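Structure at a glance
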Amino acid sequence: SLKESYGALELVEFTTRENGVFIANAALADVLITYDIELQDGTSTKARIISVTSTGGLATGQITESYTPPSQPIGPRSRHIFGTESFLIDLIDGGNDLNYEFELQVFAESASNADLPCNATTTFQFTAN
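A few points on the structure. (Residues numbered from 1 in each chain as written. Predicted model: local features only at pLDDT ≥ 70, side-chain atom pairs only at ≥ 80, totals over all residues. Heavy atoms only, no water.)

1. Some details on the pattern of salt bridges
Taken as a whole and judged by the stated rule, the model has two salt bridges. Notably, a salt bridge pairs Arg-79 with Asp-36, separated by 2.4 Å at the nearest N-O pair. Of the two residues, Arg-79 is situated in strand 6 (residues 79-90) and Asp-36 in strand 3 (residues 28-38); the sequence distance between them amounts to 43 residues. You can call Asp-36 partly exposed: its relative accessible area is 22%. Glu-109 is the salt-bridge partner of Arg-48, the closest N and O atoms lying 3.5 Å from each other. With Arg-48 in strand 4 (residues 47-58) and Glu-109 in strand 7 (residues 98-110), the pair connects residues that are 61 residues apart, well separated along the chain. (Salt bridge = Lys/Arg side-chain N within 4 Å of Asp/Glu carboxyl O. Helix = DSSP H or I, 4+ residues; strand = E, 2+ residues; numbered from the N terminus. Buried < 20%, exposed > 50% of the residue type's maximum accessible area, 1.4 Å probe, protein only.)

Structure (structure tokens):
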């Protein structure tokens with residue numbers, strides 16, 4: 001094995017090439033977050049969306065956005081995309097862990113009975129280091 005023959009190996013530096021320019025120590029990830037809703041499998045009743053809010057980004061600098069609800073109720077096989085956020089994350093940042101958090105909050109009701117709420121909140125988190 002390499003370790004037995006040459007000892008422990010460590011990646012000290014690497015380069016990438018962008019538009020003919022070499023960039024040292026570049027490890028970037030392009031993360032795309034899509035805020036969308038759809039009914040759970042097996043749900044036959046349509047839902048009327050009342051309000052939708054997303055909060056996301058770095059845990060230390062969250063961005064909140066409210067979306068216009070769709071004009072028509074969401075049906076069993078329909079999906080509605082409210083928006084997306086794109087982040088270019090530096091994976092070599094000097095050892096600093098960066099925490100990202102994303103949340104989508106949906107307030108809705110049954111399209112056939114306004115007394116039946118069907119609210120949902122989904123949260124997604126990750127750490128880039």
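2. Describing the nonpolar core
Soluble globular proteins tend to pack their nonpolar side chains together in the buried interior. Of all hydrophobic cores here, the largest spans 19 residues; its most connected members are Ile-37, Ile-49, Val-52 and Val-106. Those elements that place two or more of their residues in this core are strand 3, strand 4, strand 6 and strand 7. Take this core: its biggest share by element is five residues, from strand 7. Excluding residues within four positions of it along the chain, Val-106 makes contact with Ile-37, Ile-49, Ser-51, Val-52, Asn-119 and Ala-120. (Core = buried A, V, L, I, M, F, W, Y, C linked by side-chain atoms within 4.5 Å. Contact = heavy atoms within 4.5 Å.)

3. Topic: the sheet that holds strand 8 (residues 120-128)
Strand order in the open sheet made by the four strands is 5-4-7-8, with antiparallel pairing throughout. Each edge of the open sheet carries a strand with a single partner, namely strand 5 (63-67) and strand 8. Recorded for the sheet is a direction-independent mean angle of 10 degrees between the axes of neighbouring strands. As defined by bridge partners, strand 4 adjoins strand 5 across five bridges and the pair is classed as antiparallel. Bridging from a neighbouring strand, Gly-56 pairs with Ile-63 of strand 5. (Pairing = 2+ DSSP bridges. Axes fitted to C-alpha atoms, helices over the stretch in contact; angles between N-to-C directions.)

4. Overview of the environment of Gly-57
Position of Gly-57 among the secondary structure elements: in strand 4. Taking C-alpha positions, Gly-57 is 8.5 Å from Asn-99, a pair spaced 42 residues apart along the chain. Each residue touching Gly-57, except ones within four places of it in the same chain, is listed here: Gln-62, Phe-87, Asn-99, Tyr-100, Glu-101 and Phe-102.

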